[in-house]
Amino acid sequence: MKFPCGTRFAFLVLFLIAAQSVAVYAGSFHKDVQVHWGDGRGKVRDRDGKLLSLSLDKSSGSGFQSNQEFLYGKAEVQMKLVAGNSAGTVTTFYLKAPGTMWDEIDFEFLGNISGHPYTLHTNVYTQGSGDKEQQFHLWFDPTRNFHTYCITWNPQRIIFTVDGIPIREFKNSESIGVPFPKNQPMRVYASLWEAEHWATRGGLEKTDWSKAPFTAFYRNYNVEGCVWANGKSSCPANSPWFTQTLDQRGIDKVKWAQSKYMVYNYCTDTKRFPKGVPAVCT
């Protein structure tokens, strides 16, 4: 199809505006994130910015955050967790908005004593309210090799995947009165910190500081999302993640992961919710 000269120019301008509103990151820790706490305990380990490490000792942990905020997007990274006795440590990859009524979408990896599995803790906060935890023991040792963890957040659902396998889908259920994160732009965060008072068997296992410093590794950071700038964000519908759903194969994979590897589900915790499980579970 051919366009008149003026039409082609207008089309080009619209294309450039759209390209600025949607960012696709090939993954450079040098240009896309900043190590915002830890006093040198977080480090980019290579010239190309593909590999970053976070460390924890008795004085401090460390963490990084994305330079930009996003309102919807797909955030992915490969991680290799703290090996050996990691009791009391928490390694994270998540999205979070600022403020006291914040939104948040969590991957948190709760360490354990040697020979016992990590617990992958997932949660969704909306307007400062969480209490939507699902926890898993993974089908592999996450300390031996890098594995890929991904959060897809679009207007209709949040999908958590591990090595491309969906393990959890949190649907937009506003139609039945369940808040969904849709109004607050979020940054991507990662951290390694100590939470021995609750992280391992409810705080029964304490951190062995003789094993410090504890170190976790991140590589191949990728974010495709709608950048929030000047009070607005634009998400074109032709981005695959923006309309991503789970087909029957994906639904079956979620059922497989949850039937074999889930160790806690708030939707079945009748002791915690004696008056009935939250509406989003029905």
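Residues numbered from 1 in each chain as written. Predicted model: local features only at pLDDT ≥ 70, side-chain atom pairs only at ≥ 80, totals over all residues. Heavy atoms only, no water.

Per an unreviewed UniProt entry, the recorded name for the protein chain is Xyloglucan endotransglucosylase/hydrolase, and the organism is Brassica carinata. Checking UniProt for the protein chain, the heading Sequence similarities (unreviewed entry) contains the comment "Belongs to the glycosyl hydrolase 16 family." (UniProt positions renumbered as here; feature names shortened; annotations may be inferred.)

**Here's the deal with unusual backbone geometry**
Here the amide bond leading from Ala-212 into Pro-213 is cis, since omega sits at 5°, within 30 degrees of zero. Mapped onto the elements of the fold, Pro-213 is located in the loop between β14 (187-194) and β15 (214-227). For Asp-163, which is not glycine, the phi dihedral falls at a positive 50°. In this fold, Asp-163 is placed in the loop between β12 (157-162) and β13 (165-171). On the accessibility criterion, Asp-163 (33% relative accessible area) is partly exposed. (Helix = DSSP H or I, 4+ residues; strand = E, 2+ residues; numbered from the N terminus. Buried < 20%, exposed > 50% of the residue type's maximum accessible area, 1.4 Å probe, protein only.)

**Some points on the UniProt feature "active site" (unreviewed entry) in the protein chain**
Residues annotated by UniProt as "active site" (unreviewed entry) correspond here to Glu-104 and Glu-108. Structurally, the position occupied by Glu-104 is in strand β8 (residues 104-110). Within the structure, Glu-104 has its side chain in polar contact with the side chain of Trp-102 (distance 2.7 Å). In this structure, Glu-108 sits in strand β8. In contact with Glu-108, other than residues within four places in its own chain, are Val-90, Thr-91, Thr-92, Thr-119, Leu-120, His-121, Trp-193 and Trp-198. (Polar contact = N/O pair within 3.5 Å; in protein donor to acceptor, adjacent residues only side chain to side chain. Contact = heavy atoms within 4.5 Å.)

**A short note on the confidence of the model for the protein chain**
Here the protein chain averages 90 in pLDDT, while 90% of its residues score no lower than 70. Residue range residues 1-25 is modelled with pLDDT below 50. Its contacts to residues more than four positions away, or to other chains, number 21 contacts. (pLDDT = per-residue confidence, 0-100.)

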